[in-house]
Amino acid sequence: MTDYVTVSADAPLGRTGAIKLHGPEAFAGMRRAGALAAATLDHIVPHMVPGVTTAEIDRIVLDFIRAEGALPATLGYRGYTHASCISINHVVCHGIPGNKTLKAGDIVNVDVTPIVDGWHGDTSRMYLIGDVPLKARRLVEVTYECLMLGIGAARPGAHMGDVAHAIQRHAEGHRYGVVRDFCGHGVGRLFHDAPEVVHVGRPGTGPELRPGMIFTIEPMVNTGRPDVKLLDDGWTAVTRDRSLSAQFEHSVGITQDGCEVFTYSPAGLHKPPFHA
Ligand code: MF3
Ligand code: CO
Ligand code: CO
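Below or above, wherever it landed, is the structure these notes cover. (Residues numbered from 1 in each chain as written. Chains lettered and ligands numbered in written order. Predicted model: local features only at pLDDT ≥ 70, side-chain atom pairs only at ≥ 80, totals over all residues. Heavy atoms only, no water.)

### Examining helix H1 (residues 24–43)
With 20 residues, H1 extends 28 Å between its outermost C-alpha atoms, agreeing within 8% with the 28 Å of an ideal straight helix rising 1.5 Å per residue. What H1 keeps buried is the set Ala 26, Phe 27, Gly 29, Met 30, Ala 33, Gly 34, Leu 36, Ala 37, Ala 38, Thr 40, Leu 41 and Asp 42. (Helix = DSSP H or I, 4+ residues; strand = E, 2+ residues; numbered from the N terminus. Expected span 1.5 Å × (residues − 1). Buried < 20%, exposed > 50% of the residue type's maximum accessible area, 1.4 Å probe, protein only.)

As structure tokens, this is what we get:
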């Protein structure tokens, strides 16, 4: 049995395992945090070019978020010391910014989570660096479609398994592998909360979606097998078969009749290509 708990007033509530049902003030907070998260991903677009280091991108992210009076949730999170995760090509997620240089042909995920007035806006997008081969562009496009199909399945009365199934069916229809080792998550005043949002599953399974639930959907899709391996740095996850991996993430809230996406790009830069 799944536990749900209605969040009273704006009292912070710890990680109890129960799924929180949030009220209007949470939706208002998530709207602000989500807008800043998405604006951050808009802001870096002109900087995602060959020759720039991932540390430079991370610095631009940090400066932008701080200039808005917010802070990155990742800074100091479980020993992580950066404002973003930057994952290139066969890196699945949690790539650590450093002296690595972006090069033409790379596909790159940037994942940011600013905290605004205590609310976490968690979103990521793919960027294409210079001319990118068709195979990689296809992966990015289909992964974006997977996220949007998952969002399309998120409404009251549906189950988490419906969201997962929509994603898995589309990805596997293109003979891609959906990563099992990382999930979406409840989000709000906590960065990572119940429920787990898996990206593979069967219709009608898992917790029922109810108005007030707030969580991320963040499918990771590989051109090869779903399997990942963790590098010695303890963070960087890569595809075991070194195949390419892509990911998009939105933070969403279940409404009376569907779901609200908190992290849409204010500039309409939802997916690449971002420049002509
Ligand atoms: N933003 C990631 C997510 O989507 C989490 C990154 S945690 C970090 O859940 F420590 F690796 F930054
Ligand atoms: Co997330
Ligand atoms: Co994220």
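### Quick look at the coordination of the cobalt ion (ligand 3)
With distances of 2.0 to 2.3 Å, the protein atoms coordinating the cobalt ion (ligand 3) are Asp 111 (OD), Asp 111 (OD), Asp 122 (OD) and Glu 249 (OE). Taken together, the six donor atoms coordinating the cobalt ion (ligand 3) and their angles of 59 to 167° define a geometry best described as irregular. In the primary structure, the donors to the cobalt ion (ligand 3) are separated according to the pattern D-x10-D-x126-E. Distance-wise, the cobalt ion (ligand 2) is placed 3.3 Å from the cobalt ion (ligand 3), both being coordinated by Asp 122. Of the two residues, Asp 122 sits in the loop between strand E8 (119–120) and strand E9 (123–128) while Glu 249 sits in the loop between strand E17 (245–247) and strand E18 (250–254), which places them 127 residues apart along the sequence. (Donors = N, O, S within 2.8 Å, 3.2 Å for Na, K, Ca; no water. Tetrahedral: all angles 85-135°; square planar, octahedral: opposite > 155°, others 65-115°.)

### Points about the nonpolar core
Counting 39 residues, the largest nonpolar core has Ile 107, Leu 209, Met 213, Phe 215 and Ile 217 as the members making the most contacts within it. Tallying contributions element by element places helix H3 (residues 134–152) first for this core, with eight residues. Formed by 34 residues, the second largest nonpolar core is a distinct cluster that contains Met 30, Ile 60, Val 112 and Phe 262. (Core = buried A, V, L, I, M, F, W, Y, C linked by side-chain atoms within 4.5 Å.)

### Brief notes about the sheet that holds E17
Across the sheet, which stays open at both edges, the three strands sit in the order E10-E14-E17 with antiparallel pairing between neighbours. Each edge of the open sheet is held by one strand with a lone partner, namely strand E10 (177–178) and E17. Relative to the sheet, H3 contacts strand E14 (220–222) and E17, its axis offset from that of E17 by approximately 35°. (Pairing = 2+ DSSP bridges. Contact = heavy atoms within 4.5 Å. Axes fitted to C-alpha atoms, helices over the stretch in contact; angles between N-to-C directions.)

### Quick look at empty space enclosed by the protein
Counted according to the given criterion, the structure contains three cavities of 30 Å³ or more. As for the second largest cavity, its lining consists of Thr 123, Ser 124, Arg 125, Tyr 144, Leu 147, Phe 248, Glu 249, His 250, Thr 263, Ser 265, Leu 269 and His 270. Those elements giving two or more residues to the lining of the second largest cavity turn out to be E9 and H3. With three residues, the single largest contributor to the lining of the second largest cavity is E9. (1 Å grid on protein atoms, 1.4 Å probe; cavity = no way out; pocket = protein on both sides within 12 Å on 5 of 7 lines; lining within 4 Å. Points joined across faces, edges and corners; volume = space filled by probe spheres on them.)

### Section: the layout of surface pockets
The volume enclosed by the largest pocket comes to roughly 590 Å³. Of all the elements, strand E12 (residues 193–197) adds the most residues to the lining of the largest pocket, at four residues. Looking at the lining of the largest pocket, its residues break down into eleven nonpolar, nine polar and nine charged. Counted as a void, the second largest pocket has a volume near 270 Å³. Lining the second largest pocket are 19 residues, with Thr 54, Ile 86, Ile 88, Val 91 and Lys 100 positioned closest to its centre. The element contributing the most residues to the lining of the second largest pocket is strand E4 (residues 84–88), with three residues. (Nonpolar A, V, L, I, M, F, W, Y, C, P; charged D, E, K, R; others polar.)

### So, the coordination of the cobalt ion (ligand 2)
Coordination sphere of the cobalt ion (ligand 2), protein contribution only: Asp 122 (OD), His 185 (NE2), Glu 218 (OE) and Glu 249 (OE), at 2.0 to 2.2 Å. One way to put it: the six donor atoms around the cobalt ion (ligand 2) meet at angles of 52 to 160°, and that makes the site irregular.

### Thoughts on the environment of Ile 107
Its place among the elements puts Ile 107 in strand E6 (residues 107–112). Judged by its relative accessible area of 0%, Ile 107 falls in the buried class. Considering only alpha carbons, one finds Ile 107 and Val 91, 16 residues apart in sequence, at a separation of 9.8 Å. The residues contacting Ile 107, other than those within four sequence positions of it, are Ser 87, Ile 88, Asn 89, Met 126, Tyr 127, Leu 128, Val 132, Ala 136, Leu 139, Val 140, Leu 244 and Ser 245.

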